[in-house]
Amino acid sequence: MAATELLCLIDQLIALHLFSRLFYGVRGAKCTKEGLHLKSKSADSFIPFSTMTVPPAPLRGWLAQKVLIKQGHETYVLSIKNQGADELVQQLQRLWILHHGKHLQVKAHKIEQLLTRRYLSHHNQTLVRQVCSALWSSWQHLDDNAVPNSLKPQVATVREIALWNERDIAEFQSAFVEHYLAKDANYFDSIESNPLTLAQRKACVIQDDRQLLLAGAGTGKTSVIKAKVGYLLHRKLAQANELLLLAYGNDAATEMRQRCRPLCNTLNCSTFHSLGIQIIEAVTGAKPTISTLATDKKLFKQFIADTVQSLRQESHFERDFALFLKSSSTQQASQAIDLISQVLPLMKHAQIMGEVEQLLTQFSNQMSVIMPVLAEYQLYLSNESSIDFDDMLERAIYYVESGQFISPWKFILVDEFQDISRVRAKLIQVLLDKKAGSQLFAVGDDWQAIYRFSGGDMRLTTEFTRYFGKSTTTYLDKTFRYPQTILDTASEFICRNPEQITKHITSHTAGVAGQGVVKVMVDDELSQAQQLLNHIEQRNEGKTSVALLARNHRALPDKSKIAQWRQLYPELIISHNTFHGAKGTEADFTIVFGLKHRNFPSQVKTPAFVDALLPAQGAFPDAEERRLFYVALTRAKKQCFLLAPNDTPSYFLEEIA
């Protein structure tokens, strides 16, 4: 119907009822293509269709039918005679559609494009539901006969999304993932030397605002990080300069950089400390000077010793230092120096997190020693015009929070997430907060969280949503390092602690016949270890790696003995390491030393004031030592031998079948 014919029909149909004049003050009404002209006793009004928040809507009465016209917060009522009223409303709605249909088409098209191309993240859920709810609040009032066929698909889209429930969202997300798994199968088959597993592929396709990938030992987490980066570039969801890859240590950052170099040689793969340098340099124009006290632990400890010796010349500090020795269960000044050296970085963490006041009150005796030493240390750095790594993180956080540094990174990917401290987490959080639409992809394993002593907070992983907001958690469910026999033993052992996240992992590796984890009862560790080395070499498997592991270096064979074994067994590649140092490594066979009860789990008690500076560790006994033993158990690709002393073995050994 032509617009002029439509207007003529509307004018014929507008037959105001007496009620319009008596109760609503409307004495006359005339319609144009642009809107309605209403006459009243006091004034005339023009209501454009473009400003009507909802289409004209009917409200049937006994003697007359009302037509509601809404403009912003104003509501106008026309009382129309029943004869022809339905047709009138339809024709008014058609004029309303002429003014609002284009807006609907544009919005629906953008939403469909977004949903087709982007994963339905929590941010996108909120966005599309808000837009569609607003649209549906208007379009739901239309008579079906008034909506042209060309707009019905868009109205259906808006209605469906506006009425989504959680199940609908989950089904849509699942359909999206399945679509791209099929579409990009060739990519996932070829990005690594072996095709990715289904769990690895899903971790790439899912793109939530905050995403946690829980990856057990040997499950290929670095492969996923590489594949995730490649997938963002492959689907043109990100430019290389919008990606930031972070690792806890230098070795992990180097491995990420090397693995991702074939994808793009300009990717930013950094440790948190090198990231801090980048941010400071971007703001100040110069790289900060890192004090030698921050890079040389021996020199740092000597500085603490000299500072304490100097401060002890003052009578009040000498008195406080004596109380410090007593309250900290340290008998010698050298032990106190070691303790202060450990505590100073933790105190700086507490300062960054704004938690010092409570510590000063609760542990006044200890703080009366720690704070003067810390003040001298900071004065030294200031006089040297240098900073340490904690200062670096603090300045980086400040520059981001204050807006002096503008983050270019829309996608932040973090490896070994279970090891990061709350200070590192704060730097991540401010980068995310200051970059609209940015995303975090965190890869970690709470079973391997073993750095509490340096501030690593496992709760950032186990309570990920609490710290980072609504998120999606996925799991890698297949290990490629060790056989099912080792996996079953190690998993059962670590999961005795109910605070660890339960994971269901299977092995891709067959392993060797027999047990994966073997307890060998011993009176003499060295002679038994040599027998095991002899047994391993007699397998005639060519060059074979063997890692000798212990809780600390003191429990390992000395260097001369290891050198002797290397000569005796030329086919064996023999290495040695602590449990902490072995994290991230693997060997065909492992031999574990030092499993006496008094040695492992460690019996060293942490002083209360130091414990207050560390992340909470939960109620389960020896939780971190248990995770440390899990790391030791999972370094072997074929078999792990535990040297179990006949005399007072570790109670951990009793839990190993």
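These numbers were taken from a predicted model, which means no experiment stands behind them.

### Considering the packing of helix 11 (residues 272-284) against helix 18 (residues 389-401)
- Relative to each other, helix 11 and helix 18 sit at 50°, their axes nearing to 8 Å. By the angle between their axes, helix 11 is oblique relative to helix 18. In this structure, helix 11 meets helix 18 at a crossing whose hand is left-handed. Taken together, the residues of helix 18 that come into contact with helix 11 (itself represented by Phe 272, His 273, Gly 276, Ile 277, Ile 279, Ile 280, Val 283 and Thr 284) are Phe 389, Met 392, Leu 393, Arg 395, Ala 396, Tyr 399 and Val 400.

### A word on empty space enclosed by the protein
- One pass over the full model with this rule turns up one cavity of 30 Å³ or more.
- Roughly 60 Å³ of internal volume is contained in the largest cavity.
- What lines the largest cavity is Gln 207, Asp 208, Gln 211, Lys 228, Leu 232, Phe 411, Ile 412, Leu 413, Gln 439, Leu 440 and Phe 441.
- At the level of elements, helix 9 (221-234), strand 10 (411-414) and strand 11 (439-444) are the ones that each hand at least two residues to the lining of the largest cavity.
- Broken down by class, the residue content of the lining of the largest cavity amounts to six nonpolar, three polar and two charged.

### Here we look at the domain arrangement of the protein
- Domain boundaries in the protein define domain 1 (12-96), domain 2 (172-288 + 393-479), domain 3 (292-386) and domain 4 (484-655).
- If you average the C-alpha positions of domain 2 and of domain 3, the two centres end up 35 Å apart.
- Of the residues lining the interface, eight residues belong to domain 2; the matching set on domain 3 comes to six residues.
- The junction of domain 2 with domain 3 conceals about 690 Å² of combined surface from both sides, 62% of it contributed by carbon and sulfur atoms.
- Our count for the domain 2 to domain 3 interface comes out at one salt bridge.
- One salt bridge in this structure joins Glu 355 and Arg 422, with 2.8 Å as the shortest N-O distance.

### Examining the pattern of salt bridges
- Across all of its chains, the model carries 30 salt bridges by this definition.
- The salt bridge partner of Arg 167 is Glu 171, with a shortest N-O separation of 3.3 Å. Remark: Glu 171 and Arg 167 occur in helix 6 (residues 166-183); sequence separation between them is four residues, near one turn of the helix.
- Notably, a salt bridge pairs Asp 611 with Arg 452, separated by 2.8 Å at the nearest N-O pair. Here Arg 452 lies in the loop between strand 11 and helix 20 (459-462) and Asp 611 lies in helix 26 (residues 608-613), a separation of 159 residues in the sequence.
- For Asp 611, a relative accessible area of 31% translates into the label partly exposed.
- Overlapping salt bridges, with partners in common, bring together Lys 221, Asp 415, Glu 416, Asp 419 and Lys 583 in one network.

### Describing the layout of surface pockets
- Looking at the second largest pocket, its volume works out to about 350 Å³.
- Those elements that provide at least two residues to the lining of the second largest pocket are helix 15 (333-352), helix 16 (356-362), helix 19 (422-433) and helix 26.
- In terms of residue class, the lining of the second largest pocket is made up of 10 nonpolar, five polar and three charged.

### A closer look at the environment of Val 67
- Topologically, Val 67 is positioned in strand 5 (residues 64-71).
- When the C-alpha atoms of Val 67 and Pro 56 are compared, they prove to be 6.3 Å apart, with 11 residues separating the residues in sequence.

### What about the packing of helix 6 against helix 8 (residues 198-205)?
- One way to put it is that helix 6 packs onto helix 8 with a least axis distance of 10 Å and a crossing angle of 110°. Taken together, helix 6 and helix 8 sit at an angle that is classed as roughly perpendicular. Handedness of the helix 6/helix 8 crossing: right-handed. Residues Phe 176, Val 177, Glu 178, Tyr 180 and Leu 181 of helix 6 form the contact with helix 8, whose own contacting residues are Leu 198, Arg 201, Lys 202 and Val 205.
- Per-class residue counts for the contact of helix 6 with helix 8 are six nonpolar, no polar and three charged.

### So, helix 19
- Compared with the 16 Å implied by 1.5 Å per residue over 12 residues, the 16 Å span of helix 19 between its first and last C-alpha is a close match.
- By the criterion of burial, helix 19 is predominantly enclosed, with nine of the 12 residues buried.
- Taken as a whole, helix 19 has its buried residues at Val 423, Arg 424, Ala 425, Leu 427, Ile 428, Gln 429, Val 430, Leu 431 and Leu 432.

### A few points about the pairing of strand 13 (residues 478-483)
- By the bridge criterion, three bridges tie strand 13 to strand 14 (residues 506-509) in an arrangement that is parallel. If you follow Pro 483 over to strand 14, its bridge partner there is Thr 509.
- For the segment spanning strand 13, helix 22 (residues 484-494) and strand 14, crossover handedness is right-handed.

### Description of the sheet that holds strand 9 (residues 268-271)
- The strand order 9-8-10-11-7-12 describes an open sheet built from six strands, whose pairing is parallel. Single-partner strands in this sheet number two, and they are strand 9 and strand 12 (472-476). Within the sheet, the average angular offset between the axes of one strand and its neighbour, ignoring direction, is 20°.
- When strand 8 (residues 243-247) meets strand 10, the two strands line up parallel, connected through four bridges. What sits directly across from Leu 246, in strand 10, is Val 414.
- Where helix 8 meets the sheet, it contacts strand 7 (210-215), strand 11 and strand 12, and its direction lies at approximately 155° from that of strand 12.

### So, the environment of Tyr 76
- Residue placement: Tyr 76 occurs in strand 6 (residues 74-81).
- Judged by its relative accessible area of 22%, Tyr 76 falls in the partly exposed class.
- The spatial distance from the C-alpha of Tyr 76 to the C-alpha of Ala 170 is 42 Å, given a sequence separation of 94 residues.
- Leaving out residues up to four positions away in the same chain, Tyr 76 has contacts with Leu 38, Ile 47, Val 67, Leu 68, Ile 69 and Gln 71.

What counts, and where the lines are drawn
Residues numbered from 1 in each chain as written. Predicted model: local features only at pLDDT ≥ 70, side-chain atom pairs only at ≥ 80, totals over all residues. Heavy atoms only, no water. Axes fitted to C-alpha atoms, helices over the stretch in contact; angles between N-to-C directions. Helix = DSSP H or I, 4+ residues; strand = E, 2+ residues; numbered from the N terminus. Parallel < 35°, antiparallel > 145°, perpendicular 65-115°, else oblique. Left-handed = near helix turned anticlockwise from the far one by under 90°. Contact = heavy atoms within 4.5 Å. 1 Å grid on protein atoms, 1.4 Å probe; cavity = no way out; pocket = protein on both sides within 12 Å on 5 of 7 lines; lining within 4 Å. Points joined across faces, edges and corners; volume = space filled by probe spheres on them. Nonpolar A, V, L, I, M, F, W, Y, C, P; charged D, E, K, R; others polar. Domains from an automatic or database assignment. Buried area = accessible area lost by both parts, 1.4 Å probe. Salt bridge = Lys/Arg side-chain N within 4 Å of Asp/Glu carboxyl O. Buried < 20%, exposed > 50% of the residue type's maximum accessible area, 1.4 Å probe, protein only. Expected span 1.5 Å × (residues − 1). Pairing = 2+ DSSP bridges. Right-handed = clockwise from strand over helix to strand, strands pointing away.

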